[in-house]
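The primary structure of each chain is shown beneath.
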Amino acid sequence: MAQRILNPIIRFYAELQKLKNTLAIVVAVAVPLFIAFLSFVIYLSEGHKLIITGINPWKEYIYHLQKFWAGLLLPLTIILEASLINSIEHSNNMWKQIYTLPISKSSVYFYKLLSFLFLNMLMAISMTFFVQLFGYLLMLFKPEFGFNAPSFFGESLLLSLKMMLASSAIIGFQFFLSFHFRSFIIPMVIGFCLTIGTGIASSWKYILFLPYSYPSLSTSRQDAAVWDLYITIAVLSLAVLSAAGFYVSSKREIT
Amino acid sequence: MNVIETKALRYNFGNKSVLNGIDLNVPTGSIFGFLGPNGSGKTTTIRTMLGLARAPEKSITLFGKDIRTHRIEILRNTGSLIEYPALYNHLSGYDNLHILCNLTSTPKKRIEELLSIVSLADDGRKKMGKYSLSMKQRLGIAAALLTDPDLLILDEPTNGLDPAGIRDMRHLIKMLNQEFSKTIFISSHLLYEVEMLCSHLAILNEGKLVFQGKASELSDKFARLLIIDTSDNDKAVGLIAQHYPVQVTGGLLEVVVKEKNDTADVSKILFRNELDIYRLEPKSQNLEELFFNLTANGSAHP
């Protein structure tokens with residue numbers, strides 16, 4: 001019984017072991033670090049224009065990155081991560097090894113997807129951590145900004161997780177593409193075109209039909225509900241795409 | 001009892017037929033050589049056996065079970081190495097085996113055992129990038145042995161190895177068969193390699209089996225060449241030509257014989273006619289010649 005519970009955990013751990021010494025982990029931490037640092041520098045030099053005297057600056061500071069991160073960099077990082085995580089198998093020609101192991105073919109997709117979700121979670125947590133860290137540094141460097149007020153840690157984490165959930169459709173689609181295509185470039189180009197296309201169409205009245213816009217649309221208003229229609233559609237899309245992925249994996253032939 | 005059986009195995013790539021009704025029988029405990037030129041369908045046969053390529057139902061059984069319906073059960077008892085070893089190059093040998101252990105719920109202690117069997121105990125912590133091809137091949141075999149399977153399927157395991165690597169691999173394969181009682185199915189396009197290793201063999205040509213049986217039967221069953229040098233080769237040609245096809249190549253006689261007794265018969269002919277024999281030996285045939293003989297004899301053998 002204990003073994004039956006342990007086996008899935010060990011299999012998930014095996015997927016994480018594959019990430020050792022790869023760029024996938026580095027990107028998941030370094031990109032949020034870079035973005036949070038950029039925001040820190042902007043606040044250092046131009047903070048006086050962004051701060052409203054007498055109001056807790058944390059909330060504005062937390063949302064300062066939202067448009068830039070959710071609309072462009074988050075989708076692009078997901079696209080890159082999806083290609084990186086699957087290229088570990090493609091570039092080492094590992095599929096033939098994996099599909100000759102005594103494990104079900106569809107579970108190959110499931111555990112790989114799970115490790116990809118873990119990377120996205122890591123990215124969300126890293127973003128929260130670095131935003132908080134640089135906020136506290138602002139308290140040291142610019143005490144006049146008032147960062148000694150409560151830091152909205154919970155809200156900051158919620159925002160990051162909300163962006164991740166709203167990205168579920170992107171996560172599902174990019175993972176599916178990268179799993180299927182041996183080429184690193186094809187899923188990247190498709191994802192890049194969809195992200196840029198969505199950016200260009202941001203004021204289009206039918207933008208709702210472009211899931212690549214959901215991270216941005218879902219978090220653009222500070223008073224928006226935690227769970228909204230965008231997140232519902234995105235999560236459902238992930239479920240449907242995952243089901244398609246399990247099926248494709250179960251029928252996969254390595255010739 | 002047979003570990004692997006295929007019945008009229010067929011496989012197509014689009015409209016192109018790659019396997020045309022193969023009936024293989026691999027006995028338990030054998031080292032079974034699967035011989036054929038590049039492109040003859042060896043790797044495709046192996047991929048269908050391992051469930052990597054879809055074969056018709058009931059056309060492949062391993063351990064008496066259909067690969068289509070008992071894939072996981074069969075793979076639990078089957079290790080494989082297909083062409084070049086597939087390993088994570090950014091990790092160490094130990095890490096690679098550890099990942100496979102975790103994927104297959106195999107105890108971690110098996111890693112040290114396996115590294116020792118394949119003579120990599122001192123190199124386990126090195127990154128794969130620092131491994132030679134021979135070391136990678138051996139680690140690939142260790143990966144195949146992870147679940148302690150009864151059957152090993154190795155596709156061209158000596159591909160790209162230097163002579164020392166080939167010798168080590170041969171030694172390892174023999175040891176696994178003799179000391180660990182593994183049945184080993186090994187594909188190759190090199191006849192001499194298979195002859196040196198295998199107790200049984202099958203020969204595949206253009207998706208069809210042209211021979212299957214014990215290795216010793218191959219030389220007995222099909223025409224072979226004798227190389228002969230005597231004190232008077234012109235006279236010897238005349239004498240032998242009355243009984244066997246003969247030709248002179250590079251000053252030496254090449255005589256086509258079919259059975260073991262024919263060699264004795266040829267030597268008697270020369271001896272009775274007072275010719276001194278300087279050399280009388282079977283010429284090892286390359287695969288091409290062997291195929292020619294097999295197909296020329298119409299010997300497709302299910």
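Residues numbered from 1 in each chain as written. Chains lettered and ligands numbered in written order. Predicted model: local features only at pLDDT ≥ 70, side-chain atom pairs only at ≥ 80, totals over all residues.

1. Some details on the overall build of chain B
(1) Moving on: Check the secondary structure of chain B and you find 11 helices and 16 strands.
(2) Moving on: Looking at chain B as a whole, 43% of its 302 residues are labelled buried.
(3) Moving on: When contacts within chain B are restricted to residue pairs at least 6 apart in sequence, long-range pairs at least 24 apart make up 68% of them. (Helix = DSSP H or I, 4+ residues; strand = E, 2+ residues; numbered from the N terminus. Buried ≥ 20, exposed ≤ 12 C-beta atoms within 10 Å, placed from the backbone. Contact = placed C-beta atoms within 7 Å.)

2. A short note on the domain arrangement of chain B
(1) Moving on: As far as domains go, chain B holds domain 1 (2-215) and domain 2 (222-296).
(2) Moving on: With centres defined by C-alpha atoms, the gap from domain 1 of chain B to domain 2 of chain B works out at 38 Å. (Domains from an automatic or database assignment.)

3. A short note on the sheet that holds strand S8 (residues 78-82) of chain B
Residue and element names in this part refer to chain B.
(1) Moving on: Pairing is mixed in the open sheet, where 6 strands are placed in the order S8-S9-S10-S5-S11-S12. On the outer flanks of this sheet lie S8 and strand S12 (208-214), each paired with one strand and no other. Looking at each pair of strands side by side, their axes are set apart by 10 degrees on average, direction ignored.
(2) Moving on: Pairing geometry for strand S5 (residues 31-35) and strand S10 (residues 183-188), over 5 bridges, is parallel. Within S10, the residue paired with Ile31 across the bridge is Ile184.
(3) Moving on: Packed onto the sheet, helix H1 (residues 42-49) meets S5, S8, strand S9 (151-155), S10 and strand S11 (200-205) and runs at close to 150 degrees relative to S9. (Pairing = 2+ DSSP bridges. Axes fitted to C-alpha atoms, helices over the stretch in contact; angles between N-to-C directions.)

4. Some points on the sheet that holds strand S1 (residues 2-6) of chain B
Within a sheet, neighbouring strands are paired by backbone hydrogen bonds and run either parallel or antiparallel to one another.
Residue and element names in this part refer to chain B.
(1) Moving on: Taken in spatial order, the 4 strands of this open sheet run S4-S1-S6-S7, and their pairing is antiparallel. Two strands lie at the open edges of the sheet, namely strand S4 (25-27) and strand S7 (65-66), each paired on one side alone.
(2) Moving on: Pairing analysis gives 3 bridges linking S1 to S4, with the strands arranged antiparallel. If you follow Ile4 over to S4, its bridge partner there is Val26.

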